[in-house]
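These are the residues of each chain, in order.
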Amino acid sequence: MTTSTLHRADTFRTRPAGPHRPAFWRAPFAASTYRELGFTLTGLPVAIAGFVVTVALFGAGLGLVVTALGLPVLALLLVLARGLGALDRQRARTMLDTEVTAPPAVRPEREGFWGAVTARLADGAGWRAALYQVLMLPWAILSFTLSVVFLTVGWSLALYPLYHWVFARYTPWPGYQLYEYTDRAGVEHHAYVTEPWQIAGVSLLGVLLVLLTPQIIRGVTNVSRLAIRGLLGAR
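The residue numbering used here restarts from 1 in each chain and proceeds along that chain's sequence as written. Only residues with pLDDT of at least 70 are given local features in this predicted model, and only at 80 or more are side-chain atom pairs given and counted; all residues enter the totals for whole chains, interfaces and linings. Only hydrogens and water are removed before side-chain values are computed, so all heavy atoms of the structure are retained for them.

You'll find the protein chain entered in an unreviewed UniProt entry as Putative sensor domain-containing protein, with Kitasatospora terrestris given as the organism.

Quick look at the overall build of the protein chain
Helical segments are the DSSP runs of H or I of at least four residues, strand segments are the runs of E of at least two, and each set is numbered from the N terminus. Counting its secondary structure elements, the protein chain contains 8 helices and 2 strands. Counting helices and strands in the order they occur from the N terminus, the protein chain gives α-α-α-α-α-α-α-β-β-α. The quantity called the radius of gyration is restricted to C-alpha atoms. Its globule counterpart is 2.2 Å times the number of residues to the power 0.38. Computed over its C-alpha atoms, the radius of gyration of the protein chain comes to 26 Å, more than 25% above the 18 Å expected for a compact globule of 235 residues. Seen through its C-alpha atoms, the protein chain measures out along the principal axes to roughly 80 × 70 × 25 Å. Remark: exposure states derive from per-residue accessible area (1.4 Å probe, protein chains only) relative to the maximum for the residue type, with buried under 20%, exposed over 50%, and partly exposed in between. Looking at the protein chain as a whole, 35% of its 235 residues are labelled buried.

Quick word on the nonpolar core
In a soluble, globular protein the nonpolar side chains are often hidden away together inside. Side-chain atoms within 4.5 Å are what join buried Ala, Val, Leu, Ile, Met, Phe, Trp, Tyr and Cys residues into a set we call a nonpolar core. Membership of the largest hydrophobic core comes to 18 residues, with the highest contact counts inside it found for L77, Y132, I228 and L232. Taken together, the elements giving at least two residues each to this core come down to helix 2 (31-63), helix 3 (70-95), helix 5 (124-158) and helix 8 (196-232). When residues of this core are assigned to their parent elements, the largest contribution, 6 residues, is made by helix 3. Residues Y160, F167, V193 and V202 belong to the second largest nonpolar core, which totals 5 residues.

Some remarks on the pairing of strand 1 (residues 176-182)
Consecutive side chains of a regular strand alternate in pointing toward one face of the sheet and then the other. One requirement defines pairing of two strands: DSSP has to find at least two bridges between them. Two elements, strand 1 and strand 2 (residues 188-193), share 6 bridges in a ladder whose sense is antiparallel. Bridge assignment links Q177 to a residue of strand 2, and that residue is Y192.

Quick notes on the side chain of R218
By the element assignment, R218 lies in helix 8. Judged by relative accessible area, which is 10%, R218 ranks as buried. Here a polar contact means two N or O atoms within 3.5 Å. Within protein one must be a hydrogen donor candidate and the other an acceptor candidate, and residues neighboring in sequence count only if both atoms are side-chain atoms. Only 3.4 Å separates the side chain of R218 from the side chain of E36, close enough to count as a polar contact.

Here we look at empty space enclosed by the protein
Within this scheme a cavity is a closed region of a 1 Å grid, computed over the protein atoms alone, that accommodates a 1.4 Å probe without allowing it to escape, whereas a pocket is open but has protein on both sides within 12 Å along at least five of seven lines; lining residues each have an atom within 4 Å of a point. Grid points are joined across faces, edges and corners, and a volume is the space filled by probe spheres set on the points. A complete count under the given rule lists 3 cavities of 30 Å³ or more for this structure. What lines the largest cavity is a set of 16 residues, among which F39, G43, R91, M136 and A140 lie closest to the centre. For the lining of the largest cavity, the secondary structure elements donating two or more residues are helix 2, helix 3, helix 5 and helix 8. Take the lining of the largest cavity: its biggest share by element is 6 residues, from helix 5. When residue character is reported, Ala, Val, Leu, Ile, Met, Phe, Trp, Tyr, Cys and Pro are called nonpolar, Asp, Glu, Lys and Arg charged, and the others, Gly included, polar. By residue class, the composition of the lining of the largest cavity is 8 nonpolar, 6 polar and 2 charged.

A look at the UniProt feature "domain: Putative sensor" (unreviewed entry) in the protein chain
The sites that carry the UniProt feature "domain: Putative sensor" (unreviewed entry) are, in the present numbering, residues 41-232. Helix makes up 73% of residues 41-232 and strand 7%, with an end-to-end C-alpha separation of 20 Å. UniProt positions are given in the numbering used here, feature names are shortened, and annotations may be inferred rather than shown by experiment.

Re unusual backbone geometry
Look at D97: it is not a glycine, yet its phi comes out positive at around 50°. Here D97 is to be found in the loop between helix 3 and helix 4 (113-121). Given the relative accessible area of 31%, D97 is considered partly exposed.

Some words on the UniProt feature "transmembrane region" (unreviewed entry) in the protein chain
Mapped onto this numbering, the UniProt entry gives "transmembrane region" (unreviewed entry) at residues 37-58, 64-85, 137-163 and 197-217. Taken end to end, residues 137-163 is 96% helix and 0% strand, and its two terminal C-alpha atoms sit 37 Å from one another. Span residues 197-217 is 100% helix and 0% strand, its end C-alpha atoms 30 Å apart.

Here we look at the packing of aromatic side chains
Only rings of Phe, Tyr and Trp enter the pairing, Trp through its six-membered ring, and a pair is recorded when the two centres are within 6.5 Å. The plane angle decides the type: under 30 degrees is stacked, over 60 is edge-to-face, the rest tilted. What the rule picks out here adds up to 10 aromatic pairs. Here the aromatic rings of Y160 and F167 are separated by 6.1 Å at their centres, their planes lie at 45°, and the arrangement is tilted. For Y160, a relative accessible area of 2% translates into the label buried. Judged by centre distance (6.0 Å) and plane angle (80°), the ring pair of F167 and Y176 falls under edge-to-face. Owing to a relative accessible area of 13%, F167 belongs among the buried residues under this scheme. The class of Y176 is partly exposed, set by a relative accessible area of 41%. A network of ring pairs unites the aromatic residues Y160, Y163, F167, W173, Y176 and Y192 as a single cluster. Geometrically, a charge over a ring is one whose NZ (Lys) or CZ (Arg) sits within 6 Å of the ring centre while staying within 35 degrees of the ring normal. Sitting over the face of the ring of F39, R91 holds its NZ or CZ atom 4.1 Å from the ring centroid.

The following block contains the structure:
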């Protein structure tokens, strides 16, 4: 085997792999789906913390900018934003199979406290990380909500035939109640899932949602991947 062949083989082995995409039918049971789900679930508290820290320090820094205290507060904001950005890059690495290169460290041109402060204030990566903390809170809320709702509703409907008997035994309903209302004449109307074809239909709807859930989770985490690469990565 020639040297060039060995070099190509070594390059192939060490090339970083992209996110694994399981087959459509296997996705609801794939480990990668639940790692991505873990990213959306843990992303909400992380995003809340990042938003609160960023907005609070930015407001305090602007309020104190007329004094000497405002600039160190803003510099602290950028330090913490970078730290929170490093946390999200680590989460992307372990849960999304997405490697994002960290931006270079800040190197003050002048020594001393104010040299460090001014270097931080000129740090573009720090400001991008702060912007990321603000922008990602609404997206984290949406991602969390979609993931939890589709996951729980899908599996609860898909498994409905297994617990249909519970309603007739432990509740006054013969089956799952779809709706209940009283018309203008005072007559109450109810609709329950009781017939075999209805039970099967509910279960099939649940199976469809179970199959769609990994695709929805993949979609929302793809947006997160783009945001992490664009705002938290090296330029």
